[in-house]
Structure formats: C-alpha cells, structure tokens
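So you can see what is in the structure, the chains are spelled out below.
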Amino acid sequence: MCSLEKRGRLFILKLTGDGEHRLNPTLLDSLRSTINQIRSDQSSSQSVLITTSDGKFFSNGYDLALAETNPSLSVLMDSKLRSLVADLISLPMPTIAAVTGHASAAGCILAMSHDYVLMRRDRGFLYMSELDIELKVPAWFMALIRVKIGSPAARRDVMLTAAKVTADVGVKMGIVDSAYGSAAETVEAAVKLGEEIIQRGGDGHVYGMMRETLLREVLVHTIGEDESGSSVVRNTGSKL
Amino acid sequence: MCTLEKRGVLFLLTLTGDGEHRFHPDTIATILSLLEQAKSQSTRGSILITTANGKFFSNGFDLAWAQTAGSKTGAANRLHQMVESFKPVVAALLDLPMPTIAALNGHAAAAGLMLALSHDYVFMRKDRGVLYMSEVDIGLSMPDYFSALVRAKIGTSAARRELLLSGKKIRGEEAVGFGIVDSAAYDSEEGVVEASVRLGEKLAAKKWSGEVYASIRKSLYPELCGILGLEARVFATPKL
C-alpha cells in the first residue's frame, strides 16, 4: 500500500504498486500510521517529507466502487482523509509532493496538502473531477482549494470546468511549483529541494506551527467537524 | 428594456436599446424575472450569455431617478431601494444552474460592472468600453455585497486598489492584466458575443448537471454567499 524510506534526513513516502492508489480506509490508515511514525522519529524536526507514487497514478481519489457497496464507507473515507490532511498540516517538517501520475479529486487534494508540488510534465494531470462525475465537493476540499490556489480565475477553471491540469499549466495557475521531464527527474528534483531545505536549517516545530496558522481555514474544517458535519471539535490525535 | 431569447442551448439576456441601461427598480425587477425564467427552463448543457446593445453594457443604478425624489432623504431612500433590490439579481446569478458569460459590448460601471462580475466568465472589447467603479469619484459608499463580489472575483490587492480606490477607467487589455476579465481580444460587439457563444457551446457540450454546477460555484465564494443569504456550504461528506 505504502512504503517509507529514509535517505539521510529525507523521509520518502511512496504509494506503492501499479494501481490507482484509491484512498480507501485501509490505505488511509496505512498513510496515517506512517505519518505518525515520521512525526515521532527523533530527527523529525530537522527533516523533510517527500510523498510520491509508483505507476500511472498519484491517486485517483476515494474508492467510489467501495462506497457504492456500502455508503457509510464514504463518510469513513472522508473522515480519515480529513485526519490525514490535518496531520500533514501540523507535521513539524516541510512537505513535498512529487506528483508522477494523475491526481484526481481526493487524490488531488492529497497532493495539494503538501507545501511544495513538483510534477512531471510529460504525463499525468491534476483533476478536480467532481463536476464531471456529479460528486458533491466537501466544504473542506473547497477550503484547501481557496488557500492553495490564489487566482479566482484559476479556481474557477479547476472547479467549474473540471480542467485536466498538466504540469506546465499548473505552474502558470500557481498550483504546481515546478515541472520536470519525467517521473525520475521529478523525484530527483524533490530530493534536491528537500536537501536544500534541510541545509537552510530551522526548527521543524516552528515550521509546523506557522503552517497551521497559514492553513487555519482548512484546519477549522478538517478538525472542527465530526462526520455529521456539526461543529463539534474532534480530537484526531494531531498535534494541535 | 431587456429580453431573454433562447438559441438552442443558449439563453441570451440582452439589455436592449441604445441608452446607458441604467438599473431602475423596474429594470431590476425585469432582469430578476428573466433570470428566474431561464432557471425554470434550464436543462443539462444550458448556458446564459448576458449582453447589451450600443455604447454601454450598463452604467449602474439610475441615480437621476433617485435625484427626482425631490429631497436628500428621498434620494437616499431611492438609492437604498435600488441597492437592496439588485442584491437578489447577484444572488440569482450565483445560484443559476448553468455556466454564465457576460459579453461586454461597452462600458460597465458601478452596479453595471457588478452585474458583469456576477457571471462565471467576462469578455470585453479591446477597442471600446471601460470598466469603472465610480463610487470613489461621486462620493458614494459601496454596498457590502459589492465589496464581497470584488473580493471574490478579483484576486490581487493591486487590482482591487486600482478598481475601487483610484477611480480608474480600465480598458480591455488592462482589465485582462488585472484578472478582472477573462479576455479582451475582440474588436466589435459581434466579436465579443461570438466568442461568448463559442465558449458557451464548448461548456454546453459537457452536459453538466446544473444543480451540481451551481453548488460548486457557490462553494467557491462562501463570503459572498453568506452576505447574499445563499447557502454556500455543500455537504460535509461527499455524495459518493
């Protein structure tokens, strides 16, 4: 499902295997527990996280087929992803998504939950597919979209045309930080960026807290609501 | 004063005649009722294009009518009446279950520019027409929903400053640079409308669900929807 590699002070989290890396409850649990492992590592406050994937997909979103068999699982998957994103937002280290394949809907949200988005330009796109497949968009997805995409026209294009955003277009829209010729080059660039960041030094704990304030609107949605959508604050176990 | 035509999948709303298309309470009521008509006849693939004849798209509220009230209080009341009655027009456009395009044939000022900005896409002419928020020049304060609309649709503080605080008359190319309009590549009234029709047909071909489209649109602008009394929040969990 996912693997964790440590290269010096870099944590490389990979969604493994050739499938669509659909965010089903099992994968989400696996990702969360890996993030917790990273968080509790001794060197965590001087490290960097890189998230990437094998194959054609970064992640193709929630496991909709599974949800069709059991509708309560859609609530569960959304709740688990919310917790995972809250954990990423509070993580005491910079985070880089090395997007080497398609990232759709919840999968796109996962990529965008990272501080830096590096992406290959030869294949793959970011795709908020909800308009095309008639899926309602959770309020907390929109909070992240608003925080991470600065231009109103770009937000409109992403959400109201269900644009399939390739890396170079993503760079123009301000969603993607930089684009590379291949999957390997993207990961290489992420590693290089990670090492540069580590060189700069700085306290990951402070970094994490600053990121929380920057993304406060998203946190309000990710930890402020329980499954029924009411405003009861829920302890997800994240460091808040 | 204004008409609603159906051309295939396109609803064409036109402010007719050669005048300034100022918004008098009667004009506002007519526009509102035509929008309600379009909404009631909407199907998958419907599109709204709003345009006008002559030199003006619209020069805003009918201030002359306000002045003929005969007293300062009377004038203020009439202005207030127009401000309040125009609010549902903006709400109706935000709520409309289809993509909306404003094809600016000419000048759009104050409430006239607000009408334009209430659309998903705005096209204007390169050679003619300016955008102008006259309030700072004529000493009128702005209704809260005007400011919210500007904040929702115009992303940079420099652009907002130029539009609201400088009394600048912004021409096509500059408007594109500020991110206020999507394109100003057209040399004639026909050119702007044609471009709108082309975009409209492209969007119509997707046959999106109007309900889903409107719901996602509103979730892009929660502050504005709050002020307009529109329920912006979509479900906290996706309808998987």
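Residues numbered from 1 in each chain as written. Chains lettered and ligands numbered in written order. Predicted model: local features only at pLDDT ≥ 70, side-chain atom pairs only at ≥ 80, totals over all residues. Heavy atoms only, no water.

### Points about the packing of aromatic side chains
Residue and element names in this part refer to chain A.
Next, step 1: Within the structure shown, the criterion is met by nine aromatic pairs over all chains.
Next, step 2: Measuring from ring centre to ring centre gives 6.2 Å for Tyr62 and Phe141, while their planes differ by 25 degrees; the resulting arrangement is stacked. With Tyr62 in the loop between β4 (57–59) and α2 (64–69) and Phe141 in helix α6 (residues 139–148), the pair connects residues that are 79 residues apart, well separated along the chain.
Next, step 3: The interplanar angle of 85 degrees and the centroid separation of 4.9 Å between the aromatic rings of Trp140 and Phe141 together place this pair among those described as edge-to-face.
Next, step 4: Phe141 sits in the buried class, given a relative accessible area of 1%. (Phe/Tyr/Trp six-rings, centres within 6.5 Å; stacked < 30°, edge-to-face > 60°. Helix = DSSP H or I, 4+ residues; strand = E, 2+ residues; numbered from the N terminus. Buried < 20%, exposed > 50% of the residue type's maximum accessible area, 1.4 Å probe, protein only.)

### Focus: the sheet that holds strand β4 (residues 56–58) of chain B
Two modes of strand pairing occur in sheets, parallel and antiparallel, and in both the strands are linked by backbone hydrogen bonds.
All names here are of chain B.
Next, step 1: Spatial strand order, β4-β6-β8-β9: four strands in an open sheet with mixed pairing. Each end of this open sheet is capped by a strand with a single partner; those strands are β4 and β9 (169–171). Adjacent strand axes in the sheet meet at a mean angle of 20 degrees when their direction is disregarded.
Next, step 2: As judged from the two bridges shared by β4 and strand β6 (residues 107–109), these two strands associate in the parallel manner. For Phe56, the partnering residue across the bridge sits in β6 and is His107. (Pairing = 2+ DSSP bridges. Axes fitted to C-alpha atoms, helices over the stretch in contact; angles between N-to-C directions.)

### What to know about the confidence of the model for chain A
Next, step 1: When the pLDDT values of chain A are averaged, the result is 92; 93% of them are 70 or greater.
Next, step 2: For residues 225–240 of chain A, every residue scores under 50 in pLDDT, and the model assigns this stretch 43 contacts once sequence neighbours within four places are set aside. (pLDDT = per-residue confidence, 0-100. Contact = heavy atoms within 4.5 Å.)

### Observations regarding the pairing of strand β1 (residues 2–7) of chain B
Residues and elements named next belong to chain B.
Next, step 1: With six bridges connecting them, β1 and strand β2 (residues 10–15) associate as antiparallel partners. Directly across from Glu5, in β2, lies its bridge partner Leu12.
Next, step 2: A loop of two residues connects β1 with β2, the two strands running antiparallel in sequence, and Gly8 in this loop sits at a positive phi of about 65 degrees.

### Digging into a nonpolar patch on the surface
Next, step 1: Taken together, the side chains of A:Val206, A:Met209 and A:Met210 make up a nonpolar region of the molecular surface, amounting to roughly 290 Å² of accessible area.
Next, step 2: With respect to the secondary-structure elements, A:Val206 resides in helix α10 (residues 204–214). (Patch = residues over 30% accessible without salt bridge, like charges linked within 9 Å, V, L, I, M, F, W, Y side chains within 5 Å. Areas by Shrake-Rupley, 256 points an atom, 1.4 Å probe, with all protein chains shown as cover. Salt bridge = Lys/Arg side-chain N within 4 Å of Asp/Glu carboxyl O.)

### Observations regarding the interface of chain A and chain B
Next, step 1: Taken together, the contact pairs 29 residues of chain A with 29 residues of chain B.
Next, step 2: In this assembly, chain A packs against chain B so that about 2800 Å² is buried in total across both faces, 64% of it on carbon and sulfur atoms.
Next, step 3: On the surface where chain A and chain B come into contact, there are three salt bridges.
Next, step 4: Where A:Glu134 meets B:Arg44, a salt bridge forms, and the shortest distance between an N and an O atom there is 2.7 Å.
Next, step 5: Where chain A meets chain B, there are six residue pairs in polar contact (both at pLDDT 80 or more).
Next, step 6: At seven residues, the largest contribution of residues to the side of chain A that touches chain B is made by helix α7 (residues 152–160) of chain A.
Next, step 7: A per-class count over the side of chain A that touches chain B returns 15 nonpolar, three polar and 11 charged. (Buried area = accessible area lost by both parts, 1.4 Å probe. Polar contact = N/O pair within 3.5 Å; in protein donor to acceptor, adjacent residues only side chain to side chain. Nonpolar A, V, L, I, M, F, W, Y, C, P; charged D, E, K, R; others polar.)

### Some remarks on the environment of B:Gly45
Residues and elements named next belong to chain B.
Next, step 1: As for its position among the elements, Gly45 is in the loop between α1 (25–40) and β3 (47–52).
Next, step 2: Separated by 157 residues in sequence, Gly45 and Lys202 place their C-alpha atoms 9.5 Å apart.
Next, step 3: Dropping the residues within four chain positions of it, Gly45 is found in contact with Val9, Ala204, Lys207 and Trp208.

### Considerations on the nonpolar core
One recurring pattern in soluble globular proteins is that nonpolar side chains are buried together.
Next, step 1: Residues A:Leu81, B:Phe61, B:Phe86 and B:Leu131 are the most contacted members of the largest nonpolar core, which totals 147 residues.
Next, step 2: Sorting elements by how many residues they give to this core places helix α3 (residues 72–95) of chain B first, with 10 residues.
Next, step 3: Not counting residues up to four positions away in its chain, the partners in contact with A:Leu81 are A:Leu23, A:Leu28, A:Tyr62, A:Ala106, A:Leu110, A:Trp140 and A:Phe141. (Core = buried A, V, L, I, M, F, W, Y, C linked by side-chain atoms within 4.5 Å.)

### Regarding unusual backbone geometry
Next, step 1: The phi dihedral of A:Ala105 falls on the positive side, at around 50 degrees, and the residue is not glycine.
Next, step 2: Here A:Ala105 shows up in the loop between β6 (102–104) and α4 (106–112).
Next, step 3: Despite not being glycine, B:Ala110 has its phi angle at roughly 50 degrees, a positive value.
Next, step 4: Residue position: B:Ala110 is located in the loop between β6 and α4 (111–117).
Next, step 5: Accessibility expressed as a relative area gives 9% for B:Ala110, which makes it buried.

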